[in-house]
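Take a look at the letters that make up each chain.
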Amino acid sequence: GTLTYELFFYLVVALIMLFGKKIRMILLVVITGISVLPNMATYVFLLDNWMIFCLGICIYYSFNYQGRFKWLYLSLLFVLNMYGLTAYGVVHSPQMLGAILLTIVVLVLSHYFRSRENLLSRLGEYSYGIYLIHVPVCIFILGAFKTKYIQQNLVPNILYDTFTLAVASVVA
């Protein structure tokens, strides 16, 4: 699923962060440029979703980067991303394009209109943690102890799944 893409994206970004600000922007433009070349995703699996991740980078840098060529870099990133999203079928429908554009608008507006922390924002923080750890903790570690008896009987199955959710919630 998308978790593998996210982990590799974070790895690539961590490697990019080892460089200075100017080199980071150049690397982002180069990677994005490579990602829109035809069939590049067949060679590097991450590149077929790079454009979606990179839109978030564009939004972040539009507010947090003060380099000399800020708008040149951001314009290049945005144009390459929009080209890649539409040309290579990442955007499968007008509804998906609308969802992407709406997300961009919400992210930009959230920069100007900060909301106070509330129950929903706290749940959002925990749900992301659960999302990140549910496969290694709930499926690989705790799933190894889920016997055939538990799997075939409703009540023990529900209790075991509730237990794994509780463990994941505490770890998150």
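Being a predicted model, the structure only gives us computed values, none of them experimental. (Residues numbered from 1 in each chain as written. Predicted model: local features only at pLDDT ≥ 70, side-chain atom pairs only at ≥ 80, totals over all residues. Heavy atoms only, no water.)

## Details of the overall build of the chain
Scanning the chain from terminus to terminus reveals 8 helices and 0 strands. Since a compact globule built from 172 residues should have a radius of gyration of about 16 Å, the 20 Å found for the chain marks it as more spread out than a globular shape. Looking at the chain residue by residue over its 172 residues, the buried ones come to 29%. The contacts in the chain between residues at least 6 apart in sequence include a share of 61% that link residues at least 24 apart. As displayed, the chain offers around 11,500 Å² of accessible surface, 71% of which is attributable to carbon and sulfur atoms. (Helix = DSSP H or I, 4+ residues; strand = E, 2+ residues; numbered from the N terminus. Rg over C-alpha atoms; globule rule 2.2 N^0.38 Å. Buried < 20%, exposed > 50% of the residue type's maximum accessible area, 1.4 Å probe, protein only. Contact = heavy atoms within 4.5 Å. Areas by Shrake-Rupley, 256 points an atom, 1.4 Å probe, with all protein chains shown as cover.)

## Some points on the side chain of Lys-146
Considering the arrangement of structural elements, one finds Lys-146 in the loop between α6 (119-141) and α7 (148-152). Among the polar contacts listed, one links the side chain of Lys-146 to the side chain of Asn-157, at a separation of 2.7 Å. Not counting chain neighbours up to four residues away, the residues in contact with Lys-146 comprise Gln-151, Asn-157, Tyr-160 and Asp-161. (Polar contact = N/O pair within 3.5 Å; in protein donor to acceptor, adjacent residues only side chain to side chain.)

## Re helix α8 (residues 154-171)
Its 18 residues give α8 an end-to-end C-alpha distance of 26 Å, which sits within 8% of 26 Å, the value for a rise of 1.5 Å per residue. When we look at burial in α8, the residues that qualify are Asn-157, Tyr-160, Thr-164 and Ala-168. Buried residues along α8 cover an arc of 75° about the axis, so they all sit on one side. The exposed set on the far side of α8, more than 90 degrees from its buried face, consists of Val-155, Leu-159 and Val-170. (Expected span 1.5 Å × (residues − 1). Arc of directions from axis to C-beta.)

## A look at the nonpolar core
Nonpolar side chains tend toward joint burial in soluble globular proteins. Counting 18 residues, the largest nonpolar core has Met-25, Leu-28, Trp-50, Ile-57, Tyr-61 and Leu-77 as its most contacted members. Listing elements by their share of this core, those giving two or more residues are α1 (2-16), α2 (21-35), α3 (47-64) and α4 (70-87). For this core, the leading source of residues is α3, giving 6 residues. Apart from residues no more than four positions distant in its own chain, Leu-28 is found in contact with Ile-16, Trp-50, Ile-57, Tyr-61 and Leu-77. Counting residues in each nonpolar core, the second largest holds 9 residues, with Val-36, Met-51, Leu-55 and Ile-100 among its members. (Core = buried A, V, L, I, M, F, W, Y, C linked by side-chain atoms within 4.5 Å.)

## Overview of the pattern of salt bridges
Oppositely charged side chains are able to pair whenever their charged atoms sit close together. Scanning all chains against the criterion turns up 3 salt bridges. Linking Arg-122 and Glu-117 is a salt bridge whose minimum nitrogen-to-oxygen distance equals 3.6 Å. In this structure, the salt-bridge partner of Asp-161 is Lys-146, at a minimum N-O distance of 2.7 Å. Separated by 15 residues along the polypeptide, Asp-161 in helix α8 and Lys-146 in the loop between α6 and α7 bring together distant segments of the chain. For Asp-161, a relative accessible area of 36% corresponds to the partly exposed category. If you follow the salt bridges from partner to partner, you end up with Glu-117, Arg-122 and Glu-125 in one network. (Salt bridge = Lys/Arg side-chain N within 4 Å of Asp/Glu carboxyl O.)

## Concerning the environment of Thr-147
Relative to the helices and strands, Thr-147 is located in the loop between α6 and α7. The class of Thr-147 is partly exposed, set by a relative accessible area of 39%. Residues Thr-147 and Val-108, spaced 39 residues apart in sequence, show a C-alpha to C-alpha distance of 48 Å.

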